[in-house]
Amino acid sequence: MKKRTQLKLKQWGIIIFCWLIVGIFITIYDFLVLNTGFSQGPSEDYSFLMSLAMNTGSALVGALLGGSFLVFYVNVIYREKPYGYTILAVSLSYILIISFIILALGFITVPIKTGKPIYDPVSRSAFTNLLFDTSRIKNFLIWSVVVALTQLFLQISTKFGNGSFWNILRGKYNIPREENRIFMSVDLNSSTAIAEKLGDEKFHELLKDFYSDITNPILDNNAEIYQYVGDEVIVAWKYSDGIEGNRCINCFFDMKRTLENYKSKYLEKYGFIPSFKAGIHWGKVIVGEIGIIKRDITYSGDVMNTIARIRNKCKELDVELIASAELLSLLSLPTNYSTKSLGAIKLRGKEKEVLLSTLVPTVL
């Protein structure tokens, strides 16, 4: 299963769990309100277990339908659309889903309560009362807030990146810690000349397309997007994730294949297929949360300076990909990769020389 699918299923699972908890809280809240000193008590038809079944059943059906709609459709199809499009799509779908849930639960629960089939006059009267009961309006308002908050958190999660928002919430990096990480710095080739040719607005559109198209290969190789810096994107792996299956190397060539698959789109819109170069390195970094007005998780350390300088060597040495020999020694590269040593090179601003290599697949 691809990593992007796993992430979506994880989001969907969290929505299902949280919405079920909300359904339970609504049931308990109703029970407590009905048994306060200001209430005349529950009606004869009230049953805590039936109320629990209806609320959790509504939550489950809503999460299965609405949650999947948010995760697998709205936040994919409307990813490049203005946020207003998303709100409109969510609002319309929410109304339809809630209407479906109420009707479905009515058809199920009313015959159970009345002991008569749904077409019986007694059941039809009970069904009408259920549809127009004020509790339906109360639940509609509550679930409106729940759906809005769910969509908000999905958007915030997308903004901060996979796992970063959760790490900020639980304060994982309030105290900086040292971690082993692998980084790949990817840079669009001839960006200055392209920007002059296309103009600022069209160049920005190109960057959006480029970053959007390389996202899935990055996610599929279990990486995270750390930063966008102009025409550069920095990709990061946890050490074990990047080493396993040579993901840190495969990612580069998967991105190349993806752009090749979209060549007709780029040729039609821009008149050329964008290309890029990359540098890959690993090492110990300090991971910590910074910022007051805007919170962010950042990496700092010598490896961050080194990775940029490795990438800059690509143009000078006329190669697409350069990796530190130190990183390559940790990998078990298959025979379909060919490596070539570039020798020990002293990078600008560093005293110690770094042994670099380039590699290409024998079969792309």
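Residues numbered from 1 in each chain as written. Predicted model: local features only at pLDDT ≥ 70, side-chain atom pairs only at ≥ 80, totals over all residues. Heavy atoms only, no water.

1. Describing the pattern of salt bridges
- In this structure the tally under the stated criterion is 13 salt bridges.
- Between E232 and R311 there is a salt bridge, with the nearest N and O atoms lying 2.8 Å from each other. Placement of E232 in strand β3 (residues 232-238) and of R311 in helix α12 (residues 302-317) is noted, with a sequence separation of 79 residues between them. Each of the two residues, E232 as well as R311, counts as buried.
- Residue E260 pairs with K263 through a salt bridge whose shortest N-O separation is 3.4 Å. (Salt bridge = Lys/Arg side-chain N within 4 Å of Asp/Glu carboxyl O. Helix = DSSP H or I, 4+ residues; strand = E, 2+ residues; numbered from the N terminus. Buried < 20%, exposed > 50% of the residue type's maximum accessible area, 1.4 Å probe, protein only.)

2. Topic: the pairing of strand β4 (residues 276-290)
- For β4, a buried count of 12 out of 15 residues is recorded, marking the element as mostly surrounded by other parts of the structure.
- As defined by bridge partners, strand β1 (residues 177-188) adjoins β4 across 12 bridges and the pair is classed as antiparallel. Its bridge partner being in β4, D187 is matched across the sheet by K277.
- As judged from the three bridges shared by β4 and strand β6 (residues 321-324), these two strands associate in the parallel manner. Residue pairing across strands places G279 opposite I322, the latter belonging to β6.
- Relative to strand β5 (residues 296-300), β4 is paired through five bridges, and the arrangement is antiparallel. Across the sheet, G288 pairs through a bridge with T298, a residue of β5.
- What sits between the antiparallel neighbours β4 and β5 is a turn of five residues, in which G291 has the positive phi angle 105 degrees. (Pairing = 2+ DSSP bridges.)

3. Quick notes on the packing of helix α8 (residues 200-220) against helix α10 (residues 247-261)
- Packing of α8 against α10 brings their axes to within 9 Å, and their N-to-C directions diverge by 130 degrees. Our classification of the angle between α8 and α10 gives oblique. Considering only the axes of α8 and α10, their crossing is right-handed. Contacts from F210, D213, I214, P217 and I218 of α8 reach α10 at C251, D254, M255, T258 and L259.
- Here the residues of the contact of α8 with α10 are counted per class, giving seven nonpolar, one polar and two charged. (Axes fitted to C-alpha atoms, helices over the stretch in contact; angles between N-to-C directions. Parallel < 35°, antiparallel > 145°, perpendicular 65-115°, else oblique. Left-handed = near helix turned anticlockwise from the far one by under 90°. Contact = heavy atoms within 4.5 Å. Nonpolar A, V, L, I, M, F, W, Y, C, P; charged D, E, K, R; others polar.)

4. Focus on the pairing of strand β2 (residues 224-229)
- Here β2 runs beside β3; their pairing, made up of five bridges, is antiparallel. When the sheet's bridge partners are listed, Y228 is paired in β3 with V233.
- Connecting the antiparallel pair β2 and β3 is a turn made up of two residues, with G230 showing a positive phi of about 65 degrees.

5. A word on the state of the cysteines
- Taken as a whole and assessed by the stated rule, the structure comprises zero disulfides.
- C248 supplies the cysteine sulfur nearest to C251, a cysteine that is in no disulfide, at a spacing of 8.9 Å.
- Among the cysteines around C314, which has no disulfide bond, C248 carries the closest sulfur, lying 15 Å off. (Disulfide = S-S within 2.5 Å.)

6. Quick look at the packing of aromatic side chains
- Scanning the entire structure with this criterion turns up 13 aromatic pairs.
- Their ring planes at 90 degrees and their centres at 5.5 Å tell us that W12 and F72 sit as a pair that is edge-to-face. One end of the pair, W12, is in helix α1 (residues 3-34); the other, F72, is in helix α2 (residues 48-77), and 60 residues separate them in sequence.
- Seen from their ring centres, Y226 and Y299 are 4.7 Å apart, and the 70 degrees between their planes marks the pair as edge-to-face. With Y226 in strand β2 and Y299 in strand β5, this pair connects stretches of sequence that are 73 residues apart. Comparing Y226 with Y299, the two get one shared label, buried.
- Grouping aromatic residues by their ring pairs yields a cluster made of F210, Y211, Y228, F252, F253 and F276.
- For K265, the ring lying beneath its charged end belongs to Y262, and the centroid distance is 4.8 Å. (Phe/Tyr/Trp six-rings, centres within 6.5 Å; stacked < 30°, edge-to-face > 60°. Lys NZ or Arg CZ within 6 Å of the ring centre and 35° of its normal.)

7. Details of helix α4 (residues 121-132)
- In this model α4 runs 17 Å from its N-terminal to its C-terminal C-alpha over 12 residues, within 8% of the 16 Å that 1.5 Å per residue would give.
- Within α4, burial applies to S123, F127 and L130. Down the axis of α4, the sector holding all buried residues measures 60 degrees, keeping them to one side. Of the exposed residues in α4, those oriented more than 90 degrees away from the buried face are P121, N129 and F132. (Expected span 1.5 Å × (residues − 1). Arc of directions from axis to C-beta.)

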